[in-house]
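Breakdown of the fold
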Amino acid sequence: MNEQLTHMTKQVTAGKLTRREFMGKAAALGVSAAMASTMFADAARAAGPKKGGDLKLGLQGGESTNSLDPATYASSVPFANGKQFGDTLVEVAPDGSIEPRVAESVEGSADAKVWTFKLRQGVEFHNGKTMTSEDVLKTMERHSNEDSKSGALGIMKGIESMKADGEYFQVTLTEANADLPYLLADYHLIIQPDGGMDNPGAGIGTGPYQLEVDEPGVRHVFKKFANHWNSDFGNFDSVEVVVINDATARTAALQSGQVHAINRVEPKVADLLGRAPNLTVHSTAGRGHYVFIMHCDTAPFDNNELRLALKYAINRQELVDKVLRGYGSIGNDMPINAAYPLFDGSIPQREFSIEKAAEHYKKSGHDGSPIILRVADGAFPGAVDAAALFQQTAAQAGIPLEIKREPNDGYWSEVWNVQPFCASYWGGRPVQDQMYATAYLSTADWNDTRFKVASFDEMLFQARAELDNDKRKNIYSQMGQMVRDEGGLICPMFNDFVEGVSNQLEGWETDPTQELMNGQMSRKMWFA
Amino acid sequence: MHPILKLVSQRLALGLLLLLGASALIFGLTEALPGDAAQAVLGQSATPEALANLREEMGLNRPALTRYFEWLGGIVQGDLGQSLTNKLDIAESVGGRLNNTLFLAFWAALVSVPLAIFLGLLAVRYRNRWPDKLISAVTLTTISIPEFLIGYVLVYFVAVKLGMFSPLAMINDSMSLGQKLNSIALPVMVLTMVVLAHMMRMTRAAILNVMQSAYVETAELKGLTNFKIIYRHALPNAVAPIVNVVMLNLAYLVVGVVVVEVVFVYPGMGQYLVDHVTKRDVPVVLACGVIFAAIYIGLNMVADIVAILANPRLRHPK
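Described below are features of the structure shown in this document. The residue numbering used here restarts from 1 in each chain and proceeds along that chain's sequence as written. Lettering for chains starts from A, numbering for ligands starts from 1, and both go in the order in which the items are written. Under the rules for a predicted model, residues below a pLDDT of 70 receive no local features and side-chain atom pairs below 80 are neither given nor counted, while totals for whole chains, interfaces and linings still include all residues. By convention in this description, side-chain values take in all heavy atoms of the structure and omit both hydrogens and water.

1. Observations concerning helix H3 (residues 48–58) of chain B
Residue and element names in this part refer to chain B. All buried positions along H3 are accounted for by Ala50, Leu51, Asn53, Leu54 and Met58. Viewed end-on, H3 has its buried residues packed into an arc of 165°, placing them on one side of the element. Of the residues in H3, the exposed ones pointing more than 90 degrees away from the buried face are Pro48 and Glu56. Pairs of residues are marked as contacts when any of their non-hydrogen atoms sit within 4.5 Å. Labels follow the DSSP assignment, with helices taken as runs of H or I lasting at least four residues and strands as runs of E lasting at least two, numbered in each case from the N terminus. Buried residues in H3 make contact with helix H2 (37–42). Positioned one or two residues after H3, Gly59 has a phi angle of 75°, which is positive. Buried, partly exposed and exposed residues are distinguished by accessible area as a fraction of the type maximum, computed with a 1.4 Å probe on protein chains only: under 20%, between the cut-offs, and over 50%, respectively. By definition, the arc is the one covered by directions from the helix axis to the C-beta atoms.

Here it is in C-alpha cells:
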C-alpha cells in the first residue's frame, strides 16, 4: 500500500493526478479522508505553484465610500485592494522578519538613525513608467507632509528628513529607531507614480495585479500584470475582491463555491462551517485584541487601586470561551502577546480573582457610585455581551458597573478616545515599539488610556536605539509589566483571524500580521 | 385647461416643493448626526492633523448653509457633484446603482403584481372555501416572516443545498440578460413573497366590497359566470384602491429593499445610501434622498391620477 501511495503522490507532484482522483484512490487504499487531504496538499506543494485561474475573495469590510487612495485605507477591502495593485518598500514576512519588496535591501546606521533602502531597478508601474527613487520619496512625502490626510501620518512622525539618491532612498530620523523598516512596511505606504500627488485614487502601483474594474462597495477586479518584477508572485490570471458584508451571505458564497476565500468567519459558525467537505477554516493567532480602556487621568480611574480591582474582576477565560468561542487567547492587560518578536513569556498571567478585586476595590475608597462602561458592538463583535459578563463578575466583587450602550455609528469619533471608560479594539502592530508608540507614549495622539509615565517613555526610546536583542527584550518586558500593573488597559483577550478557504487553493501560510495571510493570498497561493 | 392637465401640473408643482423640503430635512438631519465625513473616513486612525487637512480638502470648514445652497445651485443645473469620500462623480455612481435597483424592482413587480391580483380574484371566486383560505394563509405567512429570514432560508436550501441559482445576486454590465436574471432569481422570489399579501388582500377586500352592489346581482341574474362577473364588472370598479396599494408596494420595491440587498449582496441604492450615511457623505445622501423622495412622490401621483381616471364621477367633475 505504501508503494502505491508513494507512486500516487509522485503523480500528484508531476501534475498527473487531480485532487478528486487522488482522494478516491487513497480512500480505496483505506486512507482516511483527512489523512489523504494532508498528503495531497503536501504533494501538491512539492509540485510548486501552478499558474492560472480566477481567484475570488469574498470580504467583509468594504463600503461604497471606499477610495483606492492608499492614504484612506481603514478597512479590510481597501487593505486587500492595496495588496493586489501595490507594493510597499518592504513587507513583514510570516515569521516576523522583514522581506524585500521594491526595496532590495535595507540597512541602518550604527545609531539606528539613518536608514538606507536600496531600490530594485527596472520595476514598472502599471502605467508603463519605471519606478525611480523620486517616486518613493514623493510617496513618503504625501503620507507625512503638512497637508497629509493619511492614515499612516501617525507612524511617519519621527522622520527628520528623507532623500532620493539614484537607486537609494534614505530616511533620517529625529530619534533612533531600530524598527523603522517595520514602520515603512505599513499597508498605506504603497509606492505610487509621482507618489500619487497628482491622482492618488488611480489605483496604479507596481503590484502583481493591475486594476480593471473599480466599483466601491461592490467589487474590484484586478488582472495579472505581465511586467511585474517578480514572476513568482501572483499565480492567478485575475483576482476579484467581492464585498460581502453580511456574514451569512459570505459563508453561503464560500459553501456554494461562488468565492474561494472569505474573511471574518463568525466564531459561532466556524465549527459548523469547518465540517463542509470542500473548504478549510483557518484560525490564525494574531496581534489584535479586544479591550476595555480606562483613562488614567480621569476620576475615578485615576486611582490605580480601582484600575487593579477592575482588572482582577474580569473572567478572561469565560470571555474567550463565550465571546470568541475559543477562537482566541486570554490577554494579560498589556497589548503584547506571543505573536510579537521579543515577547517575554515569563511575565505572570493575571488571574480572575473575586477576593483580590474586592480587596483592591476596598483600598481604592471608591464611593460606590456606578462606574459607567460604554460599549457598542461596533467596538468589537460581541462587545455588549462581553460587557454584560464583566458586569456580573464585577458585581460579585461588589463593584457596581453600569453598562451604557452606544450606537455603532460614530463610535470611533464620539466614544473611543473621548469617554473615560469604554470598549475598544486594537489591530496590533508588527513590532512592540510601534504598538507602544502608537498608544502608550505620553505624547501619542491615540493614547486612549491616557497612560502618561515619563519613565515608560524613556524606556521606549532606549529600546528603540538598542540594537542588542537581549537587552531590548528585557526593556520591553519591563514596559509590558508596567502597563499591566499601572496602565488603564483591561485586555481580556486576543482574537484569532478566522477565515474560510476553499480546498481548491494550495499554499496557505500562517501569517499573524494581518488577515488572509497579510493580504498575500493572491501572491502566494495557487489553484491545485 | 383640461381639469386632468391642471391637476397634474398642480401635483407636479407640489411635488417639487416637497422635494425641496425633503432635501432640506435630509441635509439638516445628516448635519445633526455626530461626527463628520472627515472623522468617519479616518475612523480610529484619525490624528488631529490629518483631520484638519481632510476637513479643509472636503470643504467642511465652510458654514452648513453655504454648502447646502451650493449643492442646491448644482442640482438645478443637473450637477450632483462629487462624493466627499472617494471623489467619484455622484451622477455616474448613483446612475449605475439606480439602474440596478430599478432592474430588480421591475422584475419583482412583473412577477408579483399580476400574481397578487390574480390570486386576489381567485380568492374572491372561492371565498371562504379552501382555495381562499390557502392563499390567505400562505401569503400572510410569508409577509409575517422577516424578509432576511426568507432570504437566508432560500439561500441555504435553494443555492447551497440544491445548487440552483446563485446565493450572490451580484450583477454587472458584462453579464447577459439571462445571467442577470439567474442572479436575481432569489431576491425576486423573496420580494414577491414580501409584497404579495398586501396587494392580494387589498384586491380581495376591494372586490368583495363591490360584489355586494346591485349591479353585480344583475350580472349574476343575467347568467354570467362567476369569474366573468368579477373580472368584467367588479374589478374595474375596485381599481382605485388596488392601484393605490400596488403603487405603495412598487415604491417599497424601489426604496425599501436594503435588507434584501444586504442578504443577497445586491449592488443597489439601499446599501449605497447606508454606506454614505455612515460616512456622513452629505452630497451623496442628498442625491439618494431626493431620488427616493421623487420616486415616492411620483408613484403616489400616478396612483391618484389613475384613481381619478378610473372613476367617471371624478373624471367629469360638475
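Next comes the rest of the account.
2. As for the interface of chain B and chain A
On the side of chain A, 42 residues touch chain B, which itself brings 41 residues to the contact. Salt bridges are defined as contacts in which a side-chain nitrogen from Lys or Arg sits within 4 Å of a carboxyl oxygen from Asp or Glu. Applying the counting rule to chain B against chain A returns one salt bridge. Distance and chemistry together define a polar contact, namely a pair of N or O atoms within 3.5 Å, with one atom able to donate a hydrogen and the other to accept it when in protein, and with adjacent residues in sequence counting only for side-chain atoms on both sides. Where chain B packs against chain A, one counts six residue pairs in polar contact (both at pLDDT 80 or more). Counting residues per element, the ones that place at least two in the side of chain B that touches chain A are H2, H3, helix H7 (147–161), helix H12 (258–264) and helix H13 (269–278) of chain B. With six residues, the top contributor of residues to the side of chain B that touches chain A is H3 of chain B. Each residue belonging to the side of chain B that touches chain A can be placed in one class, and the counts come to 20 nonpolar, 14 polar and seven charged. Residues are grouped as follows: Ala, Val, Leu, Ile, Met, Phe, Trp, Tyr, Cys and Pro are nonpolar; Asp, Glu, Lys and Arg are charged; every other residue, Gly included, is polar.

3. Describing the pattern of salt bridges
Two side chains of opposite charge can pair, provided their charged atoms sit close to one another. Residues and elements named next belong to chain A. Applying the stated rule across the entire model yields 30 salt bridges over all chains. The salt bridge involving Arg350 is made with Asp333; its shortest N-O contact spans 2.8 Å. Placement of the pair is Arg350 in the loop between strand S13 (328–330) and helix H11 (354–364) and Asp333 in the loop between S13 and H11, with a sequence separation of 17 residues. Neither Arg350 nor Asp333 differs from the other in exposure class; each is buried. Ionic pairing is found between Arg464 and Asp433, a salt bridge with its closest N-O pair at 2.8 Å. Taken together, the residues span a long stretch of sequence, with Arg464 in helix H15 (residues 454–465) and Asp433 in helix H14 (residues 432–439) at a distance of 31 residues. The class for Asp433 is buried, based on a relative accessible area of 1%. Taken together, the shared-partner salt bridges connect Arg316, Asp333, Arg350, Arg484 and Asp485 into one network.

4. Focus: the pairing of strand S8 (residues 209–215) of chain A
Residue and element names in this part refer to chain A. Strand pairing is assigned whenever DSSP identifies at least 2 bridges connecting the two strands. Pairing between S8 and strand S9 (residues 219–224): six bridges, direction antiparallel. Following the sheet pairing, Val213 is matched in S9 by Val221. What sits between the antiparallel neighbours S8 and S9 is a turn of three residues, in which Gly217 has the positive phi angle 80°.

5. Some thoughts on the packing of aromatic side chains
Two aromatic rings, taken as a pair, are described by how far apart their centres are and by the angle between their planes. Only Phe, Tyr and Trp rings are paired, with Trp represented by its six-membered ring, and only when their centres lie within 6.5 Å; those with planes under 30 degrees apart are stacked, over 60 edge-to-face, the remainder tilted. Counted according to the given criterion, the structure contains 20 aromatic pairs over all chains. Arranged with centres 6.1 Å apart and planes meeting at 70°, the rings of Phe292 of chain A and Phe380 of chain A form a pair that is edge-to-face. Highlighted residues: Phe292 of chain A in strand S12 (residues 279–294) and Phe380 of chain A in the loop between strand S14 (371–375) and helix H12 (383–396), separated in sequence by 88 residues. An identical accessibility class is assigned to Phe292 of chain A and Phe380 of chain A; each is buried. What links up through ring pairs into an aromatic cluster is the set Tyr290, Phe292, Phe380, Phe390 and Tyr425 of chain A. Above the plane of the ring of Tyr126 of chain B lies Arg125 of chain B, whose end atom (NZ or CZ) is 4.7 Å from the centre. Each ring is checked for a lysine NZ or an arginine CZ that lies within 6 Å of its centre and within 35 degrees of its normal; such an atom marks a charge sitting over the ring.

6. Here's the deal with the nonpolar core
We define a nonpolar core as any set of buried Ala, Val, Leu, Ile, Met, Phe, Trp, Tyr and Cys residues linked to one another through side-chain atoms lying within 4.5 Å. Formed by 73 residues in total, the largest nonpolar core has its most connected members in Ile207 and Phe264 of chain B. Looking at this core element by element, the count peaks at 15 residues for helix H8 (residues 177–211) of chain B. Among residues more than four places away in sequence, those in contact with Ile207 of chain B are Leu121, Val124, Ile230, Ala234, Leu235 and Ala238 of chain B. Of all hydrophobic cores here, the second largest spans 71 residues; its members include Leu308, Tyr312, Tyr340 and Ala437 of chain A.

7. Re the layout of surface pockets
The rule is simple: put a 1 Å grid over the protein atoms alone, call a set of points where a 1.4 Å probe fits but cannot get out a cavity, call an open set with protein on both sides within 12 Å along at least five of seven lines a pocket, and count a residue as lining if it has an atom within 4 Å of a point. Grid points are joined across faces, edges and corners, and a volume is the space filled by probe spheres set on the points. Taken as a whole, the second largest pocket spans an internal volume of roughly 640 Å³. In this structure, the second largest pocket is lined by 26 residues; those nearest its centre are Asp214 and Glu215 of chain A together with Glu92, Ser93 and Gly96 of chain B. Looking at the lining of the second largest pocket, the elements with two or more residues in it are S8 of chain A together with helix H5 (90–125) and H13 of chain B. It is H5 of chain B that provides the largest number of residues to the lining of the second largest pocket, a total of seven residues. Of the residues belonging to the lining of the second largest pocket, the class tally is eight nonpolar, 10 polar and eight charged.

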